[in-house]
Amino acid sequence: MFSILAAVIVTASAFYTAVLYKSASLVLFACACASYFVLACLFLAYRVRTVQCRITFPVSIAECGRPLTACIQIENSGFIPCMKFRCLLVQKNRLLNHKQKNWLLGGMAVSGTSSFDHSAVIYDYGSYDMDLKKLRIYDLTGLLYFDKKIKSTGRVQVLPNMQEIGIHLTEAVRNFLGEADVYDDFRPGDDHSELFQVRPFQNGDRIQRIHWKLSAKSEELLVKDDSLPKACPVIFLLGYKNEKQKTEEKVNAYLTVLASISFSLMDAGCPHYAAWYSTSREDLVRVRVDDEESLYLFLNCYLEESFQKYPGSLLEAYEEKYRGENYLYVLQLDERLELYKNQTKIEGFRVKGWRERLQGLDIIL
C-alpha cells in the first residue's frame, strides 16, 4: 500500500531529522506523525471489517455509446461514517477478451446501506462481465487508505444495432413442410398429433375428420382440423474462429451483420435456426428464431459465448447432430465477414465500407 509506505517513510524521516539536529519541535512533530499513523491504521483495520460493497445494474441491456447506470451499494455495519472510498471496476468483453479498469469515487457512507450511482459508456457490442475487484477505504483525513478485496459481479449486454436488409422468399420456402414442435396459428395442416381447431361440417369434408363425440353433444356435425408444423427451411451457421488479432471494428461489423440477417429473416416470415459451436458446452447448439422474443434469446445466448474454436466443418457437425432433418438453404457467416448460401459465397463485407454493403444486400431464398 503506497500510502502506508509513504507514511512510514515520512515518520521515520521525521525521527531521523529530529535526532540528527537534536530539535525538540521536530521530536514533537515526529511523535505526532507516529500517533497519527498508529491511530489511522487502527481505524482503517476496524473500517475494513465493518464495510461491505457490491455492484448492481438496474438495466442489464445497454445501448452502444449511451450511458449505463451502475449502482454501488455500501453496507456500513459500524457507527462511524466512511468519509471517502473508491472502487475498482474491471470491465471485460467476453468476445474480444479485452479488459478495462476504472476507479469509481464514492462519497460519505453513513451507518447502514448507502447507494451511489455511476454512469459508464460502452462503445463496443458484446457481453460484459462487470467485476468489482477492490474497495479502497480512506481514513478521516483522506490521506491513508487500506484496500479490501471484493467479489461482486454484474453482467451487461450491448446488443448490436439491426438493419433491415432485402429478403425475398420463394414459394418453396413459404410452403416448406417438415417436422417441428411449433405449429402455424393461422393455417391447418396434416399433423395428427396436434389439434388446430374444431369447426362446423362443410361440403367436401371427409367423413373421417368428423369429431363424433363433440358432434353428439352439440347436435351438429363438427370437423377437426389438424395442425400445420412450422418447420425451418433455413439454417444460419455462425463460425467466428478465435483470431490472434481481433479488432473492435471487425467484431462490431460481424455482430451487426448476423443480427441484421436474422432479424430480416424473422421479419420476412422465415423461421430459421441460428446454430454455432458453444465453447462452454463443447457442443453445437442452435436457437429457433421466428419472433422478436426468440431473436433476442438467440442474441443473448450468442453474446455469452467466447469465439468458437471448432476445427472442423460446422455444416458437417450440424448434419451429424440433426441427422434426417430437412431444410432448403444454409447461410453461413465466418470471421472473414464472408456470407455463403449453400456453400456459395454471395457477399463479402470488408471492415471499411461494410455498412453500405449491408444496406444494399439482397438474399433470395
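The rules behind each value
Residues numbered from 1 in each chain as written. Predicted model: local features only at pLDDT ≥ 70, side-chain atom pairs only at ≥ 80, totals over all residues. Heavy atoms only, no water. Axes fitted to C-alpha atoms, helices over the stretch in contact; angles between N-to-C directions. Helix = DSSP H or I, 4+ residues; strand = E, 2+ residues; numbered from the N terminus. Parallel < 35°, antiparallel > 145°, perpendicular 65-115°, else oblique. Left-handed = near helix turned anticlockwise from the far one by under 90°. Contact = heavy atoms within 4.5 Å. Polar contact = N/O pair within 3.5 Å; in protein donor to acceptor, adjacent residues only side chain to side chain. Pairing = 2+ DSSP bridges. Salt bridge = Lys/Arg side-chain N within 4 Å of Asp/Glu carboxyl O.

Draft legend 1. Examining the packing of helix 5 (residues 248-267) against helix 6 (residues 292-303) more closely. Between helix 5 and helix 6, whose axes approach to 10 Å, the crossing angle comes to 160°. One finds that helix 5 runs roughly antiparallel with respect to helix 6. In terms of crossing hand, the pair formed by helix 5 and helix 6 is right-handed. Packed against helix 5, whose contacting residues are Tyr254, Leu255, Leu258, Ala259, Ser262, Phe263 and Met266, the element helix 6 presents Glu292, Leu295, Phe298, Leu299, Tyr302 and Leu303 at the interface.

Draft legend 2. The arrangement of the side chain of Thr50 in detail. Inspection of the secondary structure assignment puts Thr50 in helix 2 (residues 24-50). Within the structure, the side chain of Thr50 is placed 3.2 Å from the backbone oxygen of Tyr46, a separation counted as a polar contact. Discounting chain neighbours no more than four positions away, the residues touching Thr50 are Glu75, Asn76, Ser77 and Gly78.

Draft legend 3. Region of interest: the sheet that holds strand 5 (residues 98-106). If you trace the five strands from one edge of the open sheet to the other, you get 2-8-7-4-5, paired in mixed fashion. Each edge of the sheet is formed by a strand with only one pairing partner; in this case those strands are strand 2 (61-62) and strand 5. With two bridges joining them, strand 2 and strand 8 (residues 145-158) adopt parallel strand pairing. Residue pairing for strand 8: Ala62 is matched across the bridge by Val158.

Draft legend 4. Structural view of the side chain of Gln73. Within the fold, Gln73 resides in strand 3 (residues 67-76). Within the local environment of Gln73, its side chain forms a polar contact with the side chain of Arg54, the two groups lying 2.6 Å apart.

Draft legend 5. View of the pattern of salt bridges. If you walk through the whole model with that rule in mind, you get ten salt bridges. The residue Arg155 makes a salt bridge to Glu304 at a minimum N-O spacing of 2.3 Å. Here the residue Arg155 occupies a position in strand 8, and Glu304 occupies one in the loop between helix 6 and helix 7 (314-321), the gap between them amounting to 149 residues. Taken together, the salt bridges that share partners define one network made up of Asp334, Arg336, Glu338 and Lys345.

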